[in-house]
Every structure is written in structure tokens, then in C-alpha cells.
Amino acid sequence: DWYLAKHKGITLDKTQQAVLDNAFSLIVKRNLAVPSVYVHRDFMPRNLMVIEPKTADGKRTLGVLDFQDAVYGPITYDIGSLMSDAFLTWEEPFVLDITIRYWQKAVKVGLLGENSLTGWGADFGEFYRAVEWQALQRHLKILGIFARLTLRDGKPKYLADTPRFINYVRKTADRYRELGPFLKLIDQIEGIETAMGFA
């Protein structure tokens, strides 16, 4: 409503709406299948602060800010949020490294047991796909929020970061075959022409 209709001024035709509805249905289905834990819902570098002084063993600890929107939700939400930040772009090897560490710790404390229906406790690949689908839902939500902050609340600075989220959305949609029509719709909406080459 906020990004497409109000910000972009686009009314989808029946075919486009069906593509959008199907993509949203796939995203919701995938994300509802993920085990739930308490999630921060805005877990990003700007909400992490180093606590001083150092601990007795000389280590620094992190404090977490801005947790008033915390809920019980998919375990993939916070790591997806952190690794696809609104204001920073991480290289994929770094994202994989941090996500693997997160997954290993979640398995170690029993949040993703090997006997779970999903098997994510035994298969990082399945877990990572779930993180990407969860992050995709968050990116789409943020596009709407940034448009709303601009149009309703008079805070246009947020729209400057929408290309980052469009890139995140496109990257994930391009990785999963079932999201191919959705990627084409996004490209159509954003006026992106995909280069085609034949060998």
C-alpha cells in the first residue's frame, strides 16, 4: 500500500497482483514453518553498544537497545535483520560466516535440534535458506515503512536507503526459482532491465 500505491503511484493489474499474492503466500508459508523464539525485531548494528568497562577477563560485552518491539517469532528474524542491515551492506562471505556461527550456537543450546521436523539442526543450508526468506519478508516490510515515514511523517531521508532493499529483494528472488515471476515484477516496477546474453 505505501510503497507501490502511494510512493510509486502504481496500481497492479490482475496478473501482477496474482504474482505479488503468490510471492507473499510463499514467503509467509516458509516463515511460519520456522521454529519460534523471542526476537528483537530491529537487531542491527545501530542498536548494539559496547558496554564499558571490560569484564574481569578483559572482554567487552554488547548491550542491546531499542527492544520495545520484541515478540515471539521466527528464529531466523534477528540474524536476517543483522546480516541485511538497513544502512550497511556486508559481503556474502562475512554474512555466511556470522550466520554459521549463529546457527552453531542455536544448535548447541537446543533451539534447532537435529530431531526437529525441519532438520535445520543438522543442515546449515536449510537454515540459511530460511534466513534469506525471512529477510526477504523484512525487506518488503521496510520498503513500505520507509515510504510511510516519507509520505505520512515527513521524513524523506529513509527513502535514500530503498535501493539497498530493492537490491536485497532482487538478490533473494533471483536465487529461488519459485520467486522468478516476482523478480520480473520487481524489475518491471523499478524499471530495471536485466541484461541477456547468448553464447
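A brief structural summary. The model shown is predicted, which means the values in this text are computed figures rather than measured ones.

Here the focus is the overall build of the protein. Scanning the protein from terminus to terminus reveals seven helices and four strands. Counted from the first residue to the last, the protein has its helices and strands arranged as α-α-β-β-β-β-α-α-α-α-α. Per-residue burial over the protein gives 37% buried out of 199 residues. When the accessible surface of the protein is summed, it comes to about 12,200 Å², and 57% of that surface belongs to carbon and sulfur atoms.

Moving on, we get to helix α6 (residues 162-175). An ideal rise of 1.5 Å per residue puts 20 Å on 14 residues; α6 measures up with 20 Å between its terminal C-alpha atoms. Along α6, the residues classified as buried are Thr162, Phe165, Ile166, Tyr168, Val169, Thr172 and Ala173. An end-on view of α6 places all buried positions within 160° of arc, on one side of the element. Exposed positions of α6 whose direction lies more than 90 degrees from the buried face are Pro163 and Asp174. Buried residues in α6 make contact with α1 (2-7), α5 (124-151) and α7 (180-190).

Looking at the element boundaries, Gly80 is found in helix α3 (residues 76-83). Along the backbone, Gly80 and Val64 are 16 residues apart, and their C-alpha atoms lie at a distance of 16 Å. Residues in contact with Gly80, not counting those within four places in the same chain, are Val131 and Ala135.

Contact pair helix α2 (residues 14-32) / α7: the axes reach a minimum separation of 9 Å and the direction vectors enclose 125°. Considering their axes alone, α2 and α7 lie oblique with respect to each other. Helix-helix and strand crossings are classified by hand; for α2 and α7 the assignment is left-handed. In this structure, α2 contributes Gln16, Val19, Leu20 and Ala23 to the contact, and α7 contributes Pro181, Phe182, Leu185 and Gln188. Split by residue class, the contact of α2 with α7 holds six nonpolar, two polar and no charged.

The subject of this paragraph is the packing of aromatic side chains. The geometry of an aromatic ring pair is captured by the separation of the ring centres together with the interplanar angle, meaning the angle of the planes. Enumeration according to the criterion identifies nine aromatic pairs in this entry. Summarising the aromatic geometry, the rings of Tyr38 and Tyr72 are spaced 5.1 Å apart at their centres and angled 65° between planes, so their arrangement reads as edge-to-face. Taken as a pair, Tyr38 in strand β1 (residues 36-39) and Tyr72 in strand β4 (residues 71-74) lie far apart in primary sequence, 34 residues in all. Exposure class is identical for Tyr38 and Tyr72. Each is exposed. Centroid distance Trp90 to Phe94: 5.1 Å. Interplanar angle 45°. Geometry classified as tilted. These aromatic residues form a ring-pair network of at least three members: Phe146, Tyr158, Phe165 and Tyr168. Across from the ring centre of Trp133, 4.2 Å away, lies the NZ or CZ of Arg30, which sits over that ring.

On to the nonpolar core. Counting residues in hydrophobic clusters, the biggest one holds 28 residues, and the most contacted among them are Leu140, Leu143, Phe146, Phe165, Val169, Leu179 and Phe182. Broken down by secondary-structure element, the contributors of at least two residues to this core are α1, α2, α5, α6 and α7. Broken down by element, this core gets its largest block of residues, eight residues, from α5. For Phe165, the residues in contact, after removing those within four places along its chain, are Asp85, Ala86, His139, Ile142, Leu143 and Phe146. Listed in part, the 19 residues of the second largest apolar core include Val37, Trp103, Tyr128 and Val131.

Rules behind the numbers
Residues numbered from 1 in each chain as written. Predicted model: local features only at pLDDT ≥ 70, side-chain atom pairs only at ≥ 80, totals over all residues. Heavy atoms only, no water. Helix = DSSP H or I, 4+ residues; strand = E, 2+ residues; numbered from the N terminus. Buried < 20%, exposed > 50% of the residue type's maximum accessible area, 1.4 Å probe, protein only. Areas by Shrake-Rupley, 256 points an atom, 1.4 Å probe, with all protein chains shown as cover. Expected span 1.5 Å × (residues − 1). Arc of directions from axis to C-beta. Contact = heavy atoms within 4.5 Å. Axes fitted to C-alpha atoms, helices over the stretch in contact; angles between N-to-C directions. Parallel < 35°, antiparallel > 145°, perpendicular 65-115°, else oblique. Left-handed = near helix turned anticlockwise from the far one by under 90°. Nonpolar A, V, L, I, M, F, W, Y, C, P; charged D, E, K, R; others polar. Phe/Tyr/Trp six-rings, centres within 6.5 Å; stacked < 30°, edge-to-face > 60°. Lys NZ or Arg CZ within 6 Å of the ring centre and 35° of its normal. Core = buried A, V, L, I, M, F, W, Y, C linked by side-chain atoms within 4.5 Å.

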